[in-house]
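Inside the fold
Given next are the chains, with one letter for each unit.
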Amino acid sequence: MTYQDTLNWMFSQLPMYQRQGKAAFKKDLSNTIKLAKHLKNPECNFKSVHVAGTNGKGSTSHMIASILQEAGYKVGLYTSPHLKDFRERIRVNGKPVSKQFVIGFIKRNKTFFAENKLSFFEMTVGMAFDYFSKEKVDIAVVEVGLGGRLDSTNIITPEVSVITNIGLDHTQFLGDTLELITGEKAGIIKPNVPVVIGETQNETKPIFDEISKSNASKIIYADKNVKKVYTSDLIGSYQTKNIKTAVQSLEVLGNKGFKISEENIKEGLLNVVSNTGLLGRWQVLNEKPKVVCDTGHNKEGLTYVMQQLSNEVFESLHIVFGVVNDKDLNSIVDLLPKHATYYYCKPDLPRGMDATILMESLSHHHLKGETYNSVNEAYEAALKHASEDDFIFIGGSTFVVAEII
């Protein structure tokens, strides 16, 4: 099989949350445990940092990896979803896994995968852990895919567990209150493993405190503890919280024997994109007119993005916007600027919401715009209508951004 054949098999044969939604969600870890055993438990061969949270877990994971790379460590990085190429999910020192490794891993294990009906996500986690083990990484930064307790990544025993924050997202899987979602995310807290919480929230703090206490895990709230201000090449005022979470996590690693200097932290935060290849976080694509894309897609993520947008100076605002069909539009509609012109589009995947349905839903809230047949067509129309002093924002879904960058 070629690389593309391999990916086609992975995507089509098996349920994948990003494309299909709820059908891909597994209710326990038995498949992942069976897979790990089949692969001779590669997750036991490297140290790790486990990162969960509703928003910021991707940026925080990349920041931690970048700083560890600056400190001279060989660093594995597992994140999801990818934007352009599947291999973005699995990196060592910023370099994506080779196509040959992807092809070989699937080829060697295809019969086992088919017999055990493994999901796309379970296979990918197995591939990442196998790759990190074979590459002999010093440490891997592992981002949770969905939730925490039942996530395929939750077979590791990390050096530190990190939870950025809790918001209402993926409620159909994780529960529809902050308390229920907190319980799921806190499922990554392990006995005697320190835990860093990014944001202190009144609704979630008692739950985190109780679960960490029952696990004899030291708990640290980064927003209360990190006073120093750092800058990063990941721009966007919302990154301030992620920076504190990353810095606090590295302090915990320092207490466990990792050698990380103040200079490593500064350089790591300033070179996240070049060190790790992160894309789509307040990413400036053009200057005149200014064009920015961001993958923020739930209430909390879009709140941060819209705050950042309100700091910009422009004549007119154009928003290229698309979502997936299980998106609760009521939760985000009040965040969307009323004075903008909208270019509605459907991201190119089965779960994409039809652009006409999106436009009709939002027109009830006095948002004005037109529908377009594709994300690129919407973007081209925005460029055509915008003057040099205007601002174009592209977002609403990770998958909208993926089609532009």
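Each chain carries its own residue numbering, running from 1 in the written order of its sequence. Two thresholds apply to this predicted model, a pLDDT of at least 70 for residue-level local features and 80 or more for giving and counting side-chain atom pairs, whereas whole-chain, interface and lining totals are computed over all residues. In computing side-chain properties, one takes all heavy atoms of the structure into account and sets aside hydrogens as well as water.

**Comments concerning the pattern of salt bridges**
A pairing counts as a salt bridge when a side-chain nitrogen of Lys or Arg comes within 4 Å of a carboxyl oxygen of Asp or Glu. Going through the model one piece at a time under the given rule, you end up with 11 salt bridges. Salt-bridge contacts for Arg87 lead to Asp85; the nearest nitrogen and oxygen are separated by 3.1 Å. Notably, a salt bridge pairs Glu199 with Lys241, separated by 3.6 Å at the nearest N-O pair. Separated by 42 residues along the polypeptide, Glu199 in the loop between β7 (195–197) and α9 (205–214) and Lys241 in helix α11 (residues 239–255) bring together distant segments of the chain. For every residue, the accessible area (1.4 Å probe, protein chains only) is compared with the maximum for its type, and the residue is labelled buried under 20%, exposed over 50%, or partly exposed between those bounds. Overall, Lys241 belongs to the partly exposed group, its relative accessible area being 36%. Each member of the salt-bridge network shares a partner with another, and the members are Arg108, Asp130 and Lys134. Numbered from the N terminus, helices here are DSSP runs of H or I no shorter than four residues, and strands are runs of E no shorter than two.

**A short note on the environment of Ile67**
As for its position among the elements, Ile67 is in helix α4 (residues 57–70). Separated by 193 residues in the primary sequence, Ile67 and Ile260 place their C-alpha atoms 7.9 Å from one another. By definition in these notes, contact holds between two residues if any of their heavy atoms fall within 4.5 Å. The residues contacting Ile67, other than those within four sequence positions of it, are Leu250, Ile260, Asn264, Ile265, Gly268 and Leu269.

**Observations regarding the side chain of Thr6**
Relative to the assigned elements, Thr6 resides in helix α1 (residues 3–13). Note on Thr6: relative accessible area 0%, which makes it buried. With residues up to four places along the chain from it excluded, the contact list for Thr6 reads Met1, Val102, Ile103 and Ile106.

**Details of the environment of Met353**
In this fold, Met353 is placed in the loop between β12 (341–344) and α16 (355–363). Taking the relative accessible area as the measure of exposure, Met353 reaches 8% and is therefore buried. Each C-alpha atom, one on Met353 and one on Lys327, is 8.4 Å from the other, the two residues being 26 residues apart in sequence. In contact with Met353, not counting residues within four places along its chain, are Val323, Val324, Asn325, Lys327, Leu329, Cys345, Lys346, Pro347 and Leu358.

**Comments concerning the state of the cysteines**
The disulfide criterion used throughout: a pair of cysteine sulfur atoms within 2.5 Å. Within the structure shown, the criterion is met by 0 disulfides. Counting only cysteine sulfurs, Cys293 is the nearest neighbor of Cys345, a cysteine outside any disulfide, at a range of 13 Å.

**Re the sheet that holds β7**
Any two strands with at least two DSSP bridges between them are considered paired. With mixed pairing, 8 strands are arranged side by side in an open sheet as β4-β3-β2-β5-β1-β6-β7-β8. Each edge of the open sheet carries a strand with a single partner, namely β4 (95–96) and β8 (219–221). Bridge analysis of strand β3 (residues 90–92) against β4 gives 2 bridges, and the strand direction is antiparallel. Note on β4: the bridge partner recorded for Arg91 is Pro96. Comment: axis = line fitted to C-alpha atoms, over the contacting stretch for helices; angle = value between 0 and 180 degrees taken between N-to-C directions. Lying over the sheet, α9 contacts β6 (160–163), β7 and β8, oriented at roughly 155° with respect to β8. Against the sheet, α11 touches β1 (47–52), β5 (139–143), β6, β7 and β8, its axis set at about 170° to β6.

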